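Listed here are the chains, written in short residue letters.
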Amino acid sequence: MSGPAHIRTPLARVRGFGTAKSGTRDFWRQRLTAVANIPLTIAAVIILITLLGRNQAATAQILGSPAVAIILLLFIGSTVTHMKIGMQVIIEDYVHDESAKLTLVMANTFFCVTVGAVAVYALLKLSFGL
Amino acid sequence: MADTRSLERRPPVERPLSPHLQIYKPTLTMMMSIVHRITGAALYFGTLLVAWWLLAAASPTGYGRFQWFASSWIGRLILFGYTWALIHHMLGGVRHLIWDTGRGFGPSEREWLAAANLIGSITITVLLWIFVLLTMGVG
């Protein structure tokens, strides 16, 4: 049933209860957003290049146009989700102290949600009026 | 099974640990793996620039400050690094997606993919910046 009794870990006692049914959610979302990020990032870079050298009024008008704003909203949503999962993996790999790890995992989520909220707010402001 | 209780009271045994990074000779695939993670972490903080750019564009008074930063030499350096990190991480991501299909693990394939990732990211970044600087007419 299992290996030598003396190297049994607490995991062995948990295994009998089955999975939490959500183990691959982050794995799948990281790939989903990775695929989405490819066309969205290329589009965002093209948008940025077309805006170089323009003044604020012209930039605001283009960024607030429907197609550009929607592409950038999708870009922000997808990249922020992707970077939240990625940074959490880095934290879980290198931070072994339980309370420090939980604090950083929470701080990571707060950072990503806040940066996303700021970018989405700016895009909505550009779209619906200054 | 009857002796589970007494076994659990034993102190944890010393398990063998796998050797860490400094044991191995650096290889291209290893460096590309590390760089993928570093560029990802850099882009994480680089998103602050994207948020700042959008927020500044939405404010008639704030855009000048962003443009001043973006055209300063330190701003240019950061944006150049951000461009390379973005493209390198994207090409590295494509490599990972290829691996996810079960392909590209052969000895020559993985070396070729790692080299293509690095050469591709540097080439695209440099070409993109040459194009941008030429169209803007700025040296």
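Please read these numbers as outputs of a predicted model, since none were measured by experiment.

1. A word on the overall build of chain B
When helices and strands are counted, chain B shows five helices and zero strands. For chain B, the sequential pattern of α-helices and β-strands runs α-α-α-α-α. Taken over the C-alpha trace, chain B has a radius of gyration of 23 Å; the compact-globule value for 139 residues is 14 Å, which it surpasses by more than 25%. Here the C-alpha coordinates of chain B stretch approximately 80 × 40 × 30 Å along the principal axes. Looking at chain B as a whole, 35% of its 139 residues qualify as buried. The contacts in chain B between residues at least 6 apart in sequence include a share of 70% that link residues at least 24 apart. Total accessible area on chain B stands at roughly 9,100 Å², and carbon and sulfur atoms take up 71% of it.

2. Description of the confidence of the model for chain B
Residues and elements named next belong to chain B. Averaged over every residue, the pLDDT of chain B is 89; the share at 70 or more is 91%. Mean pLDDT across the elements of chain B bottoms out in helix 1 (residues 4-8) (55) and peaks in helix 4 (residues 73-100) (97). Among the prediction metrics, the complex's ipTM stands at 0.84, with pTM recorded as 0.84.

3. Some details on the nonpolar core
A general trend in soluble globular proteins is that nonpolar side chains are found buried together. Residues Leu63(A), Leu72(A), Phe75(A), Ile76(A), Leu126(A), Trp53(B) and Leu54(B) are the most contacted members of the largest nonpolar core, which totals 38 residues. Those elements that place two or more of their residues in this core are helix 2 (25-51), helix 3 (56-63), helix 4 (66-94) and helix 5 (98-128) of chain A together with helix 2 (28-57), helix 3 (63-71) and helix 4 of chain B. Per-element tally for this core: the top contributor is helix 4 of chain A, with nine residues. Filtering out sequence-adjacent residues up to four positions away, Leu54(B) remains in contact with Leu63(A), Leu72(A), Ile76(A), Ala119(A), Ala122(A), Leu123(A) and Leu126(A).

4. Observations regarding the interface of chain B and chain A
Quoted interface sizes are often the accessible area lost when the parts come together. In this complex, chain B contributes 34 residues to the contact, which on the side of chain A involves 46 residues. With both chains or domains summed, chain B and chain A bury close to 3,200 Å², and 77% of this area falls on carbon and sulfur atoms. Interface area lost by chain B to chain A is led by Arg37(B), Tyr44(B) and Leu54(B), which between them contribute 22%. Our count for the contact surface shared by chain B and chain A stands at two salt bridges. Notably, a salt bridge pairs Asp93(A) with Arg37(B), separated by 2.8 Å at the nearest N-O pair. Summed over the shared surface of chain B and chain A, the number is seven residue pairs in polar contact (both at pLDDT 80 or more). Among the secondary structure elements, those contributing two or more residues to the side of chain B that touches chain A are helix 1, helix 2, helix 3, helix 4 and helix 5 (107-136) of chain B. At 13 residues, the largest contribution of residues to the side of chain B that touches chain A is made by helix 2 of chain B. Split by residue class, the side of chain B that touches chain A holds 25 nonpolar, four polar and five charged.

5. Brief notes about a nonpolar patch on the surface
Residue and element names in this part refer to chain B. Where nonpolar side chains cluster on the molecular surface, the patch consists of Phe-80, Ile-122, Val-126, Leu-127, Ile-130 and Leu-134 and spans about 550 Å² of accessible area. Per-element tally for the nonpolar patch: the top contributor is helix 5, with five residues. Inspection of the secondary structure assignment puts Phe-80 in helix 4.

Thresholds, definitions, all that
Residues numbered from 1 in each chain as written. Chains lettered and ligands numbered in written order. Predicted model: local features only at pLDDT ≥ 70, side-chain atom pairs only at ≥ 80, totals over all residues. Heavy atoms only, no water. Helix = DSSP H or I, 4+ residues; strand = E, 2+ residues; numbered from the N terminus. Rg over C-alpha atoms; globule rule 2.2 N^0.38 Å. Buried < 20%, exposed > 50% of the residue type's maximum accessible area, 1.4 Å probe, protein only. Contact = heavy atoms within 4.5 Å. Areas by Shrake-Rupley, 256 points an atom, 1.4 Å probe, with all protein chains shown as cover. pLDDT = per-residue confidence, 0-100. Core = buried A, V, L, I, M, F, W, Y, C linked by side-chain atoms within 4.5 Å. Buried area = accessible area lost by both parts, 1.4 Å probe. Salt bridge = Lys/Arg side-chain N within 4 Å of Asp/Glu carboxyl O. Polar contact = N/O pair within 3.5 Å; in protein donor to acceptor, adjacent residues only side chain to side chain. Nonpolar A, V, L, I, M, F, W, Y, C, P; charged D, E, K, R; others polar. Patch = residues over 30% accessible without salt bridge, like charges linked within 9 Å, V, L, I, M, F, W, Y side chains within 5 Å.

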